[in-house]
Every structure is written in C-alpha cells, then in structure tokens.
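# Structural overview
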Amino acid sequence: MRKIIHVDMDAFYASVEQRDDPSLRGHPVAVGYAAKRGVVAAASYEARKFGVRSAMPSTTALRKCPELIFVPPRFEVYRAVSREIHAIFSDYTPLIEPLSLDEAYLDVTDNRRGIPTASTTASEIRARIFEKTGLTASAGISYNKFLAKLASDYRKPNGQFVVRPAMGASFVETLPVGKFHGVGPVTADKMNRLGIFTGADMRKLSLSFLQQHFGKSGAWYHAIANGEDDRQVVPNRPRKSAGSETTFANDLTDSVGIESGVLAMADQVWAWCEKTNAFGRTVTVKIKYADFRQATRSHSLSAKITSAAALRQVSVGLVRTVFPPAQGVRLVGVAVSNFGEGLAPAPEQFDLALTGDGLEPR
C-alpha cells in the first residue's frame, strides 16, 4: 500500500504578493492586469469570496469586486519560492512529481526521515514550508494520486485530509463528477446529460457503457469511481510542450496585426527553447475569435526546429490558413511540442502542404 501526498499551495501567486506587500493583506487581490483584455492569473481568498477566479476576464472580476486590487505577476519570484518548497520536499523523498509551481505529488512510502505515517509527514512538510516561506499549504493524503489530489481540496486553506483505504470508494461516491481530476467542464456536462452526477452514479455503470460513451477514457472513469488509480509518482517528468499566448487590446481582422502577434509569441517560445535546450518538431498555433470560439492549426515536421527563423516561418504559415478570418481575433498563441532525441535539425525552408485533416478546429 503506497503513501501518497498531494501538496497544494494556498492561492500561491496572490499569497506571495500579500506576503511581500503587507498593505495587500486582508484585501481582495488579483494577480494580473486590469486592462480591458486582461485576465486574472490568480486570486486571493478575500477576492474569491466575491466569486473572482483565475482565468476570469479582468472586467468581469472588477464587476464582481469593485475593490479588487490588481498586481502584475512576478513569475521569477514565484519560481524562486517554488524552488525553496521543492527543496523541502526532497528532504523527505526523491519521488516528487511537480504538477506546476505550486503543487506536487510525493510518494513517501519509504520516506527519508523514517516518519511512520504519511499524515505526520505532511504536517511536518507544511510546517517547514510556512517557516521557510511564510506561506501556507494544504495537503491530501491517500493510497493513490487521484484520491490524494481530491483530498487536498477538502480542508483548504491551510489544512490536510486523509482518505484511508477503507473509505476510498465511499469518499468518491459523494463527490460531483466535475470535481474529478481529468473531468473537464465539457465532459462533466456530457456525463450529466447521461445521468451521471456523482461518483456513485458513475460506479453503477458498466465498463462497457463508459467505454461506449467516453472511449479510452472509459476505463479511467470506471477505476476512479471505485477509488482505484495505479499511476506511479513519476519524478522529473519530461515536459510535453512549451507555449505562449497573448490577448489583443482590440479584436483584430487585419492580417498584419495578427501575424505580428504570432511572431511575438513564436519569439517568446523560442527564447524558452534556447534557455532549456529543448527543441520540438510540432508547432501549434491557437486562435480565439471574438465570440470565444477557438481553433488550432498544427504541423509536424520530420525533424526538430532549431532556429528562431524556422519557428517563425512555420507559425506564420499556420495562422495564414485562417485568413481572412471570419470575425475578429482576440487571442493568438504559439506552442512547440513533440520534443524528441536523436532528430536531425530541420531545414530552414519548409513545405507547408498542410492537409485539411490537420487544420480543423478542435
């Protein structure tokens, strides 16, 4: 029986800002920009009481909370704090699987300090995080990753909760399916239409029914409905993609402006590729229209891209496939993926003979 801890920092970005600027403490804070096309990157708990959430348009957040204080993000500071937190994790186990700057799975079945229980281990880790950073963390403890992640939300903020083996299935059955890790809003809506609202509803259904309606994911839903998850905690997971996106101040219809945005995003992605020495061979351009519909355009090359000019060329070629846009474009993004070893550098010139199969909105 494994002992898994999911550690999740409480309102991480906003808490760092409140820690570093005492005048922000006790006030509703949003990390982001209050501009017309701004988006909330993170919200303090004081802001969340008004319904402000991450990824919410700034204008919507201000309508919900006129007293909301916006502070610009400082990602280098957040990364530095995250490194301090991960250094604490490594005192207890080498099996650390980061999910983001502010959360990670830890397998403490055989912890380095010989602490007999995962609950005590989690308490000690949280206390050390607070002592070192002045920030609070919540933790979920269980015998698998799925339940540990669910449990970390159960006593937020600054708390922890244990889901023991005997209570795994019963813990899941009371929760709405929208709370399940791996079930997004679209899938949750589909499940609701099929009469699946809670874990108990899901557990009543056969594996074949779930596979019929959800394909390969059906086996995963069948397992988690019974509190089962065999995934290992995998340290140093290879990054699958790197991307950047921007929201324009006004919807754009002219090709020059849209292409300029794509080029800027390509340059930001390339800077990351050079810094990390990671090069991919698949380029994806994302377009979000004025009505919030999204489309993506992807192209995979036979070799990895190793120059900024090459990435720019492919990115612009992809976005040009939507010209002229049916309506204004509010956001563009560029991402590189398919990082592989042993692939030769891509040539500087490309033949973008893209087929319709790869260019459908998705």
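Reference entry: report on the structure contained in this document. (Residues numbered from 1 in each chain as written. Predicted model: local features only at pLDDT ≥ 70, side-chain atom pairs only at ≥ 80, totals over all residues. Heavy atoms only, no water.)

The next thing to look at is the sheet that holds strand β11 (residues 294-300). Strand pairing in a sheet takes place through backbone hydrogen bonds and is either antiparallel or parallel in direction. Spatial ordering of the open sheet is given by β9-β12-β10-β11, a layout of 4 strands whose pairing is antiparallel. Whereas interior strands pair on both sides, the edge strands pair on one side only; in this sheet they are β9 (241-252) and β11. Neighbour-to-neighbour, the strand axes of this sheet turn through a mean angle of 15°, independent of strand direction. Across 7 bridges, the pairing between strand β10 (residues 280-289) and β11 is antiparallel. Of the residues in β11, the one forming a bridge with Lys286 is Thr296. The strands touched by helix α12 (residues 255-276) are β9, β10 and β12 (329-339); relative to β9, the strand with the most contacts, the crossing angle is about 155°. Here helix α13 (residues 308-319) sits on the sheet in contact with β10, β11 and β12, set at roughly 40° to β10. (Pairing = 2+ DSSP bridges. Helix = DSSP H or I, 4+ residues; strand = E, 2+ residues; numbered from the N terminus. Axes fitted to C-alpha atoms, helices over the stretch in contact; angles between N-to-C directions. Contact = heavy atoms within 4.5 Å.)

Here we take up the packing of helix α4 (residues 75-89) against helix α5 (residues 118-133). Where α4 contacts α5, the two axes come as close as 10 Å, and the packing angle between them is 145°. In terms of crossing hand, the pair formed by α4 and α5 is right-handed. Each of Val81, Glu84, Ile85, Ile88 and Phe89 in α4 lies in contact with α5, whose residues at this interface are Ile125, Arg128, Ile129, Lys132 and Thr133. A breakdown of the residues in the contact of α4 with α5 according to their chemical character gives 6 nonpolar, 1 polar and 3 charged. (Left-handed = near helix turned anticlockwise from the far one by under 90°. Nonpolar A, V, L, I, M, F, W, Y, C, P; charged D, E, K, R; others polar.)

On to helix α1 (residues 12-20). Within α1, 7 of the 9 residues are buried, leaving the element largely enclosed by the surrounding structure. Buried residues along α1 sit against β1 (4-9), β2 (29-32), β3 (40-43), α2 (45-48), β4 (69-71) and α4. (Buried < 20%, exposed > 50% of the residue type's maximum accessible area, 1.4 Å probe, protein only.)

The omega angle of the peptide bond from Lys156 to Pro157 is -10°, so this bond is cis rather than trans. Looking at where Pro157 falls in the secondary structure, it is placed in the loop between α6 (145-152) and β8 (160-162). A cis amide bond links Phe323 to the next residue, Pro324, at an omega of -10°. By secondary structure assignment, the location of Pro324 is in the loop between α13 and β12. Even without being a glycine, Ala55 presents a positive backbone phi close to 75°. Structurally, Ala55 is set in the loop between α2 and α3 (58-64). Classification of Ala55 by relative accessible area gives exposed; the value is 61%. Even without being a glycine, Asn338 presents a positive backbone phi close to 60°. Inspection of the secondary structure assignment puts Asn338 in strand β12. Judged by relative accessible area, Asn338 falls into the partly exposed class, the value being 32%.

There is a patch of like positive charges on the surface, built from Arg48, Arg53, Arg63 and Lys64. Inspection of the secondary structure assignment puts Arg63 in helix α3. Taking the relative accessible area as the measure of exposure, Arg63 reaches 63% and is therefore exposed. (Patch = residues over 30% accessible without salt bridge, like charges linked within 9 Å, V, L, I, M, F, W, Y side chains within 5 Å. Areas by Shrake-Rupley, 256 points an atom, 1.4 Å probe, with all protein chains shown as cover. Salt bridge = Lys/Arg side-chain N within 4 Å of Asp/Glu carboxyl O. Lys, Arg positive; Asp, Glu negative; His and termini not counted. Charge placed at Lys NZ, Arg CZ, Asp CG, Glu CD.)

A word on the pairing of β1. The side chains of a regular strand alternate between both faces of the sheet. Judged by how many residues are buried, β1 sits mostly within the fold: 6 of 6 residues are covered. Neither face of β1 is open: one carries Ile4, His6 and Asp8, the other Ile5, Val7 and Met9, and all of them are buried. Summarising the sheet, β1 and strand β6 (residues 103-107) pair through 5 bridges and their orientation is antiparallel. Note that in β6 the partner of Ile5 across the bridge is Leu106.

All we've got here are geometric facts, nothing functional implied.
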